[in-house]
Every structure is written in C-alpha cells, then in structure tokens.
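Structural characterization, general
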Amino acid sequence: MTTDDEKGGLPDLVTFTDIAKRLNERGLVSRPITRQGVRHIADTDPTWPIPPERRLKAGRVWMMEWGPVEKFFREREKPRGRGAAEKEAPEVAKPGIPEQ
C-alpha cells in the first residue's frame, strides 16, 4: 500500500462516496458523477486499479486507497457517452427555391 505523507504515513483510504466527491471537486470527470457511478465503473471496467480482494470493509462501506483510483481517472480514456451532451444535433433541411 502506498502512504500519504500528509496523514503521517497512513494510507489515504476513501469510500465510493468520497471518490465521487473528490472527482467532482477536482474536475477529473467531464460530468458530475455519483457514488453509484463510481461503483459501476469499479464493477465493470477491467482496468479498475483496486480489485475486490484489496478493498477493506469498514462497517457498511468499502474503503480503498485513493492514489491508484486518482491515477486511474487522470489517465482514463473517456468512453463515448450516451447522454444528450454527447449527441450531435440533427441537420435541419433548409428551405429551397421552389421550382417553377
């Protein structure tokens, strides 16, 4: 495990909620992301840096190191979105000169 010098040598552990908050605050995602969005990426992206066996259970939440997660989002190639912001507007036909 890596350590965070600001924490006195302890790992900087975060939950899915913490990850979403940090990603949004630091502008590491193009659109706001929720903890559910982060969890979905963690469960479906084969390049997610923290496998389930390296996550720590603390009460009802899972915790993992922030460093590898931050690096993952900084280097991640953004998938093509499905949202409205990603779609191109359809071309509108321009009225032509009527034929005589």
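Below: a short report on this structure. From a predicted model like this one, the values you see are computed outputs, not experimental measurements.

About the criteria used
- Residues numbered from 1 in each chain as written.
- Predicted model: local features only at pLDDT ≥ 70, side-chain atom pairs only at ≥ 80, totals over all residues.
- Heavy atoms only, no water.
- Core = buried A, V, L, I, M, F, W, Y, C linked by side-chain atoms within 4.5 Å.
- Buried < 20%, exposed > 50% of the residue type's maximum accessible area, 1.4 Å probe, protein only.
- Helix = DSSP H or I, 4+ residues; strand = E, 2+ residues; numbered from the N terminus.
- Contact = heavy atoms within 4.5 Å.
- Salt bridge = Lys/Arg side-chain N within 4 Å of Asp/Glu carboxyl O.
- Pairing = 2+ DSSP bridges.

1. A few points about the nonpolar core
- Counting 18 residues, the largest nonpolar core has Ile19, Leu23, Val38, Trp48, Val69 and Phe73 as the members making the most contacts within it.
- Breaking this core down by element, the ones donating at least two residues are α1 (16-25), α2 (35-44) and α3 (66-75).
- Discounting residues that sit within four places of it in the chain, leucine 23 has contacts with Leu28, Val29, Ile33, Val38, Trp66 and Phe73.

2. Examining the pattern of salt bridges
- Tallying each qualifying case throughout the model produces seven salt bridges.
- Measuring nitrogen to oxygen at the nearest pair gives 3.7 Å for the salt bridge that ties arginine 76 to aspartate 45. With arginine 76 in the segment after α3 and aspartate 45 in the loop between α2 and β2 (56-58), this pair connects stretches of sequence that are 31 residues apart.
- With a shortest N-O distance of 3.4 Å, arginine 54 and glutamate 65 are connected by a salt bridge. Residue arginine 54 is located in the loop between α2 and β2, and its partner glutamate 65 is located in strand β3 (residues 61-65); the two are separated by 11 residues in the primary sequence.
- By relative accessible area, which is 5% here, glutamate 65 ends up buried.

3. A closer look at the sheet that holds β3
- The strand order β1-β3-β2 describes an open sheet built from three strands, whose pairing is antiparallel. Here the strands that pair on one side only, and so sit at the sheet edges, are β1 (13-14) and β2.
- Across three bridges, β2 lies against β3 in antiparallel orientation. Pairing of leucine 56 across the sheet is with methionine 63, part of β3.

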